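These are the residues of each chain, in order.
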Amino acid sequence: MAEAPPPYEVDPQPTQGSSDEGIRLNPGFIRTPPGLLLVINLVLLFLSWCIMAGWRGEVHWTVEIHFEGGSGFYLATTLIPWFILLVVFVLMLFNIHKKIPINFPVTLMINCLLWAVLLFIASCVVADKARKWNVNGDACDFYSCNHLGAAAAFGFFSVVGLGAQAFLHFREWRSP
């Protein structure tokens with residue numbers, strides 16, 4: 001009776017030029033629905049973060065006092081998941097995630113849901129502040145409401161993307 005290779009062994013018979021570790025580039029991952037959605041979420045979160053950071057750099061620093069920390073919360077809810085998803089993207093692109101003994105679908109599903117909820121709250125705060133400042137046209141010119149509105153819009157797009165990614169990871173987890 002032949003013994004089955006251990007479950008962590010990706011390539012039981014290494015060929016010439018391959019490594020024993022099983023870590024190799026998998027460019028086909030980007031063409032799969034989870035890979036494509038991961039790239040889209042990385043782009044959306046990066047745009048959200050850049051727009052808000054640009055607004056904070058453009059508008060006088062005393063405006064932040066009137067914002068009551070909302071832009072900092074928004075930046076945290078876009079920057080932290082962006083870094084997490086970037087690490088996950090690299091892990092999956094090089095098949096390193098197969099070497100880590102955790103349940104990736106469940107972990108990523110919970111992570112995406114958590115950040116989607118937090119980013120939804122942050123986007124609502126930013127959109128509300130842009131709406132309040134937009135009532136008075138002069139205040140909107142000073143506070144750059146259009147940038148806040150764009151940041152909120154991209155935040156909501158990111159929420160939809162993170163929710164879709166959580167759904168894909170849920171299906172992956174529940175599939176036989």
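Residues numbered from 1 in each chain as written. Predicted model: local features only at pLDDT ≥ 70, side-chain atom pairs only at ≥ 80, totals over all residues. Heavy atoms only, no water.

1. Quick notes on the nonpolar core
Thought 1: Core analysis: the largest hydrophobic core is formed by 35 residues, its most contacted members being Met52, Tyr74, Leu148 and Leu162.
Thought 2: Mapped by element, the contributors of at least two residues to this core are α1 (33–58), α3 (70–93), α4 (104–134) and α6 (145–174).
Thought 3: The leading source of residues in this core is α4, at 11 residues. (Core = buried A, V, L, I, M, F, W, Y, C linked by side-chain atoms within 4.5 Å. Buried < 20%, exposed > 50% of the residue type's maximum accessible area, 1.4 Å probe, protein only. Helix = DSSP H or I, 4+ residues; strand = E, 2+ residues; numbered from the N terminus.)

2. Focus on the packing of aromatic side chains
Thought 1: For the structure on display, the rule yields eight aromatic pairs.
Thought 2: Between Phe29 and Phe89, the ring centres sit 6.2 Å apart and the planes meet at 45 degrees, which makes this aromatic pair tilted. Residue Phe29 is located in the segment before α1, and its partner Phe89 is located in helix α3; the two are separated by 60 residues in the primary sequence. Like Phe29, the residue Phe89 is buried in the burial classification.
Thought 3: Taken together, the ring pairs connect Phe46, Trp49, Trp82 and Phe83 into an aromatic cluster.
Thought 4: Residue placement shows Arg174 over the ring face of Trp173; its charged tip is 4.8 Å from the ring centre. (Phe/Tyr/Trp six-rings, centres within 6.5 Å; stacked < 30°, edge-to-face > 60°. Lys NZ or Arg CZ within 6 Å of the ring centre and 35° of its normal.)

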